[in-house]
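Structural description and commentary
These are the residues of each chain, in order.
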Amino acid sequence: MSIQIHINDRVIEAFQFSQETVKKPGTEGELHKIIFDFKVTSQEYHDIAVLLYEMDFQIRVPEKNLDFPASISNYSTSITNLYQEGEVADYHLELVEKA
């Protein structure tokens, strides 16, 4: 099952997705956290890298009725150099709502 995640103006097709809440530091409140995996091709690599370096995101997940500002709490990739034509990496991204 895939799900579309809108990060700023970019639509990401995630092949794994989960959501949870985390405690808002210093309060009793909770913040949204989404965790997802997606594929990045060598052709998309530059655009995705530029997007993730922004560090401040507006997240929308229409299927889950989520819309919130977020920042990266965890990130990993299966390949660190996607400059070779035809390469595909698995990206893992965890985004937490900004307090």
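These notes cover the structure that comes with them. Per-chain numbering applies: the sequence of each chain, read as written, is numbered from 1 onward. Side-chain atom pairs in this predicted model are given and counted only at pLDDT of 80 or more, local residue features only at pLDDT of at least 70, and totals for whole chains, interfaces and linings cover all residues. To get the side-chain values, take all heavy atoms of the structure and skip hydrogens and water.

As judged from the nine bridges shared by strand E2 (residues 10-23) and strand E3 (residues 30-41), these two strands associate in the antiparallel manner. Bridged to Lys23 within E3 is Glu30. The hairpin turn running from E2 into E3, its antiparallel successor, is six residues long, and Gly26 in that turn takes a positive phi close to 80°. Strands are treated as partners if at least two bridges between them are detected by DSSP. Numbering goes from the N terminus for both helices and strands, where a helix is a DSSP run of H or I of at least four residues and a strand is a run of E of at least two. Across nine bridges, the pairing between E3 and strand E6 (residues 88-97) is antiparallel. Bridge pairing links Phe36 to Leu93 in E6.

What follows covers the sheet that holds E2. Read around the closed barrel, six strands run E1-E2-E3-E6-E5-E4, paired in antiparallel fashion. Here the average twist between neighbouring strands, direction ignored, is 45°. Both strand E4 (residues 57-61) and strand E5 (residues 66-77) contribute to a ladder of five bridges, which runs antiparallel. Residue pairing across strands places Arg60 opposite Asp67, the latter belonging to E5. Geometry is summarised by axes, namely lines fitted to C-alpha atoms with helices restricted to the contacting stretch, and by angles between N-to-C directions that run from 0 to 180 degrees.

By themselves these figures say nothing about function.
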